[in-house]
Amino acid sequence: MSKQITGNASLPTVIKALGAQGVHQDVDVNITGHVNRDTQSKRIRKYLKPGWIWALYSPIIVAKFPNENKEMLLLDGDHRRHMFKLAFPEEKVIPAYVVQVDSMKKYHELFVELNFKNRANISREEVFVHQVKAMDSDAVKINNELINCGVSVYGSSEPGGTVGDVNGPRVKVGAFNRTLDRGPAHAKRATKILTASWPDDEKLCGELMEAIAVLCMVYPYLRNGSKIALDFENWFSIHLSPFKQNLIAKMYKDRGGAVVNKHAESIARGLITEFRQMKLVDGATQAYKKRKLDMKKIHALID
């Protein structure tokens with residue numbers, strides 16, 4: 001630990017203290033939180049392998065609400081809490097740092113601050129769920145698009161741990177955002193095609209989802225209700241659906257050139273190259289598809 005601060009960065013001279021200082025106290029060892037992260041057994045096993053080391057323990061953080069019951073909820077430290085219970089099965093309480101929190105919105109905001117901005121081992125999906133609960137404006141907009149597209153984001157197995165359309169298949173936040181960047185209407189078309197083709201899958205392949213949105217963005221005839229658009233849907237549901245989504249994504253990425261930093265575009269190029277050659281029963285002719293689906297348009301996004 002350095003005795004002096006090094007570097008040339010200018011430091012603030014007036015610092016505003018926000019909120020009330022927390023207190024150290026023992027709390028019920030069985031305390032729970034709201035939409036806790038899933039507690040991973042392999043992580044607990046790894047941390048407890050050498051035994052319980054008090055020098056490495058930092059108190060769990062607990063939120064205390066100003067309601068009549070002085071309700072307390074675990075804010076951070078569920079893995080540590082489970083480790084403590086395993087190490088000290090007879091203990092009824094656990095050391096904690098208790099902070100005052102005035103609302104559930106603030107509770108979720110603090111979760112994001114504690115985890116997303118200060119840790120690397122938390123998933124973007126776990127954080128996103130709490131951002132939605134905290135009514136973060138950007139997260140709420142994305143959540144509305146999730147609902148519109150009939151898909152969900154999973155952050156926890158606890159009640160409230162899934163947002164978006166809770167009955168829809170799961171997507172990763174990053175992949176869904178990239179798909180949205182191609183246009184919300186194209187994102188909706190992409191998720192519709194995937195869910196119709198793989199109705200029993202719990203998750204959608206992010207790269208494949210984005211690739212379909214890319215194609216719908218580039219080619220109006222894949223989205224305008226035309227015979228080509230219907231062919232495109234049928235091609236997925238009849239010819240591609242017997243294979244796993246990830247396999248389809250990898251196969252057509254390779255066929256599209258697997259260009260670095262252009263994964264979705266590469267998959268899109270591989271897909272459209274083959275689709276233009278397909279002749280489905282009662283579908284559009286190859287010549288008609290080739291006229292309406294000019295390869296120059298997809299090449300322009302990559303080359």
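As a reminder, the structure under discussion sits directly above these lines.
For clarity, every value in this text was computed on a predicted model and none was experimentally measured.

Rules behind the numbers
- Residues numbered from 1 in each chain as written.
- Predicted model: local features only at pLDDT ≥ 70, side-chain atom pairs only at ≥ 80, totals over all residues.
- Heavy atoms only, no water.
- Helix = DSSP H or I, 4+ residues; strand = E, 2+ residues; numbered from the N terminus.
- Rg over C-alpha atoms; globule rule 2.2 N^0.38 Å.
- Buried < 20%, exposed > 50% of the residue type's maximum accessible area, 1.4 Å probe, protein only.
- Pairing = 2+ DSSP bridges.
- Axes fitted to C-alpha atoms, helices over the stretch in contact; angles between N-to-C directions.
- Contact = heavy atoms within 4.5 Å.
- Phe/Tyr/Trp six-rings, centres within 6.5 Å; stacked < 30°, edge-to-face > 60°.
- Disulfide = S-S within 2.5 Å.
- Polar contact = N/O pair within 3.5 Å; in protein donor to acceptor, adjacent residues only side chain to side chain.
- Salt bridge = Lys/Arg side-chain N within 4 Å of Asp/Glu carboxyl O.
- Core = buried A, V, L, I, M, F, W, Y, C linked by side-chain atoms within 4.5 Å.

Take the overall build of the protein chain next. Helix and strand counts for the protein chain stand at 13 helices and six strands. Its C-alpha radius of gyration of 25 Å places the protein chain more than 25% over the 19 Å reference for a compact globule of 303 residues. Along the longest, intermediate and shortest principal axes, the C-alpha atoms of the protein chain span 75 × 50 × 40 Å. Looking at the protein chain residue by residue over its 303 residues, the buried ones come to 43%.

With that settled, consider unusual backbone geometry. One can expect most non-glycine residues to show negative phi and most peptide bonds to be in trans. Positive phi values are uncommon outside glycine, yet asparagine 261 reaches one of about 65°. Here asparagine 261 shows up in the loop between α10 (245–255) and α11 (263–275). Given the relative accessible area of 70%, asparagine 261 is considered exposed. In the Ramachandran plot, aspartate 282 falls in the positive-phi region, its phi being about 60° despite a non-glycine side chain. With respect to the helices, strands and loops of the structure, aspartate 282 is situated in the loop between α11 and α12 (286–292).

As a further point, take the sheet that holds strand β1 (residues 23–28). The four strands are arranged β1-β4-β2-β3 in an open sheet whose pairing can be described as mixed. Of all the strands in the sheet, the pair left with one neighbour each is β1 and β3 (72–76). Strand-to-strand, the axes of this sheet are offset by a mean angle of 50°, without reference to chain direction. Across the sheet, helix α3 (residues 104–115) touches β2 (60–64) and β3, and the angle it forms with β3 is around 25°.

Before going further, it helps to spend a moment on the packing of aromatic side chains. Under the defined criterion, the tally for this structure stands at 17 aromatic pairs. Ring centres 6.1 Å apart and planes at 75° place the aromatic pair tryptophan 235 and tyrosine 252 in the edge-to-face group. A residue pair is termed long-range when its members are at least 10 positions apart, and tryptophan 235 in helix α9 (residues 227–240) and tyrosine 252 in helix α10 qualify at 17 residues. Neither tryptophan 235 nor tyrosine 252 differs from the other in exposure class; each is buried. On the basis of an interplanar angle of 40° and a centroid distance of 5.4 Å, the ring pair of tryptophan 235 and phenylalanine 275 is categorised as tilted.

Here the structure, examined in full by the defined rule, presents zero disulfides. Left unpaired, cysteine 149 is separated from the closest cysteine sulfur, that of cysteine 216, by 12 Å. The class of cysteine 149 is buried, set by a relative accessible area of 8%. In this structure cysteine 205 is not part of a disulfide, and its nearest cysteine sulfur, from cysteine 216, lies 16 Å away.

Here we come to the environment of asparagine 224. Along the chain, the position of asparagine 224 falls in the loop between α8 (206–218) and α9. Remark: the alpha-carbon pair of asparagine 224 and alanine 190, spanning 34 residues in sequence, is separated by 13 Å. Looking at asparagine 224, its side chain comes within polar contact range of the side chain of serine 226, at 2.8 Å.

Attention now moves to helix α4 (residues 124–133). Across the ten residues that make up α4, a large majority, eight, are buried. Taken together, the buried positions of α4 are occupied by Glu125, Glu126, Val127, Phe128, Val129, His130, Gln131 and Val132. For α4, the secondary structure elements touched by its buried residues are α3, α5 (137–149), β5 (152–154), β6 (162–164) and α6 (173–180).

A few words on the pattern of salt bridges. Considering all chains together, one arrives at twelve salt bridges under this definition. As a salt-bridge pair, glutamate 125 and lysine 172 come within 3.8 Å of each other at their nearest N and O atoms. With a gap of 47 residues between them, glutamate 125 in helix α4 and lysine 172 in the loop between β6 and α6 connect regions that are remote in the sequence. The class of glutamate 125 is buried, set by a relative accessible area of 7%. Close ionic contact of arginine 255 with glutamate 274 constitutes a salt bridge, the shortest N to O distance being 2.3 Å. With arginine 255 in helix α10 and glutamate 274 in helix α11, this residue pair connects regions lying 19 residues apart in the sequence. Taking the relative accessible area as the measure of exposure, arginine 255 reaches 49% and is therefore partly exposed. By relative accessible area, glutamate 274 is classed as partly exposed at 23%. What you see here is one network of salt bridges that share partners, running through Arg178, Arg182, Glu210 and Glu265.

The subject of this paragraph is the nonpolar core. One finds Leu208, Trp235, Phe236 and Leu271 to be the most contacted residues of the largest nonpolar core, which totals 54 residues. With nine residues, α8 is the largest single contributor of residues to this core. Discounting residues that sit within four places of it in the chain, leucine 271 has contacts with Leu208, Ala211, Leu215, Trp235, Phe236, Leu240 and Tyr252. Judged by nonpolar contacts, the second largest core, of 14 residues, contains Ile44, Leu74, Phe84 and Ala96.

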